[in-house]
Amino acid sequence: MEYIIALVNEFAKKFNLSDKQAFNYIRNHQGVTFIEDNYGIIHTLDFQEAVESVALFCRKTGGLL
């Protein structure tokens, strides 16, 4: 859970969102499930790569960021 919080914080910074907006966006586009399902790999990436991976996944599910 701590990793997801840290990743959401970095996502918020990258896209100039509040932490709550970032979490809602990621959750609404199944990003939390993506992070949980791919934790074994995603946690080995640096945060910038992890944020890009989550953003790309969210775009594939209808996100616009």
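Shown above is the structure to which this text applies.
Presented here is an overview of the structure given in this document. (Residues numbered from 1 in each chain as written. Predicted model: local features only at pLDDT ≥ 70, side-chain atom pairs only at ≥ 80, totals over all residues. Heavy atoms only, no water.)

Thoughts on the side chain of H29
Piece 1. In this fold, H29 is placed in the loop between helix 2 (19–28) and helix 3 (31–37).
Piece 2. Excluding its chain neighbours within four sequence positions, the residues that come into contact with H29 are F57, C58, T61, G62 and G63. (Helix = DSSP H or I, 4+ residues; strand = E, 2+ residues; numbered from the N terminus. Contact = heavy atoms within 4.5 Å.)

Some details on the packing of aromatic side chains
Piece 1. Summed over all chains, the structure comprises 5 aromatic pairs.
Piece 2. Judged by centre distance (5.7 Å) and plane angle (25°), the rings of F11 and Y25 are stacked. Highlighted residues: F11 in helix 1 (residues 2–14) and Y25 in helix 2, separated in sequence by 14 residues. For the pair F11 and Y25, a shared accessibility class is recorded, and that class is buried.
Piece 3. Three or more aromatic residues joined by ring pairs form one cluster here, namely Y3, Y39 and F47.
Piece 4. Positioned over the ring face of F15 is K14, at 5.7 Å from the centre of the ring. (Phe/Tyr/Trp six-rings, centres within 6.5 Å; stacked < 30°, edge-to-face > 60°. Buried < 20%, exposed > 50% of the residue type's maximum accessible area, 1.4 Å probe, protein only. Lys NZ or Arg CZ within 6 Å of the ring centre and 35° of its normal.)

Digging into the nonpolar core
Piece 1. Counting 19 residues, the largest nonpolar core has Y3, L7, F11, I26, I35, I42 and V54 as the members making the most contacts within it.
Piece 2. Those elements that place two or more of their residues in this core are helix 1, helix 2, helix 3 and helix 5 (47–60).
Piece 3. Filtering out sequence-adjacent residues up to four positions away, V54 remains in contact with L7, F11, I26, F34, I35 and I42. (Core = buried A, V, L, I, M, F, W, Y, C linked by side-chain atoms within 4.5 Å.)

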